[in-house]
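A closer look at the structure
Read off the chains here:
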Amino acid sequence: KLVNAKAMIQEAYKNKYAIGHFNINNLEWTKSILEAAQASKTPVILGTSEGAIKYMGGVKVVVGMVNGLLDSLNITVPVALHLDHGQSVEVAKECILAGYSSIMFDGSHLPYEENLAKTKEVVAFAAQHEVSVEAEIGSVGGEEDGVVGAGELGDPKEAAEFADLGIDMLAAGIGNIHGKYPEWWKSLSFETLEVLQNAAKMPMVLHGGSGIPKEQVMKAISLGISKINVNTELQLAFRDATRAYVEAKKDLDDVKKGFDPRKLLAPGTQALKDTFLELTSWFGCQGKA
Ligand code: G3H
Ligand code: ZN
């Protein structure tokens, strides 16, 4: 059964590790992450952007697939199903009613007061359904699934106001970027993270978790990051393993039926698991379930 992210995030915050949020796109992604999480006793958050929900056929498909796998694979580690970067109150409510256990309302593109008011509305609705809520101040740079951010740093006064709304986790612009980090990028702004953490005094979320050097990830966790969102890193791992398979012309092997999607997608699927295990070992969340 799905759980909200409150308890796992609070535990992580108290004990200075981070829960991994991994974006899912399809059955292979979901199954790999759940199997790797179960094998390593790792609590996990499965994230779906609005684009990924559309791609999979809608919220009912996503909720049905995830619940079906939890059941059939006998998953006993805590798993939250989370709306990633929800752009409207309507989509947040739709996901909650469909069975999501956690929601991000991302009003970072809105004027501040509107972001605040709409986050408040989502918090009130989520509370009735025991669903956890993530909100965002400032913005994450780059682009993810059509969500484009300017990369503005979060403001401590806003962080304190958002903390008072009763949200469970706070995402903020701290020099982080969605997608591959560009050549010129050097570091997260730890100064900003520290100031925001002192103001909010609550679990914070690091978006754009792909491609940040390990030392910086560890430092971010020590400064109050309790959830790390990863999407691109798994996509690249899947791409590389699939490319190697195709370049070795294994998909052209008619005798072994290398074109069977179950074979064609197997190396990529294994790469998803390996990447999950590597990253969660940095985050410190393995064995916490
Ligand atoms: O919300 C999802 C994440 O922030 C993923 O970012 O694709 O850079 O890992 P990423
Ligand atoms: Zn993100």
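Whatever comes next refers back to the structure up there.
Residues numbered from 1 in each chain as written. Chains lettered and ligands numbered in written order. Predicted model: local features only at pLDDT ≥ 70, side-chain atom pairs only at ≥ 80, totals over all residues.

On a plain count of helices and strands, the protein comes out with 12 helices and 10 strands. A globule of 289 residues ought to have a C-alpha radius of gyration of about 19 Å, and the protein, at 19 Å, matches this closely. When its C-alpha atoms are laid out on the principal axes, the protein stretches across 65 × 45 × 35 Å. Buried positions account for 46% of the 289 residues belonging to the protein. (Helix = DSSP H or I, 4+ residues; strand = E, 2+ residues; numbered from the N terminus. Rg over C-alpha atoms; globule rule 2.2 N^0.38 Å. Buried ≥ 20, exposed ≤ 12 C-beta atoms within 10 Å, placed from the backbone.)

Take the site of ligand 1 next. Near ligand 1 lie 15 residues; those nearest to it are H207, S210, N229, N231 and T232. Going through the elements one at a time, β3 (79–86), β10 (225–230) and α10 (232–247) are the ones with two or more residues in the shell around ligand 1. Residue composition of the shell around ligand 1, grouped by class: one nonpolar, 11 polar and three charged. (Near = placed C-beta within 6 Å. Nonpolar A, V, L, I, M, F, W, Y, C, P; charged D, E, K, R; others polar.)

As a further point, take the packing of helix α2 (residues 27–39) against helix α4 (residues 59–72). Packed helices, taken two at a time, are described by their axes: the angle between them and the distance between them. One way to put it is that α2 packs onto α4 with a least axis distance of 11 Å and a crossing angle of 35°. Handedness of the crossing formed by α2 with α4: right-handed. Between α2 and α4, the residues in contact are L27, T30, K31 and L34 and M65, V66 and L69, respectively. Residue composition of the contact of α2 with α4, by class: five nonpolar, one polar and one charged. (Axes fitted to C-alpha atoms, helices over the stretch in contact; angles between N-to-C directions. Left-handed = near helix turned anticlockwise from the far one by under 90°. Contact = placed C-beta atoms within 7 Å.)

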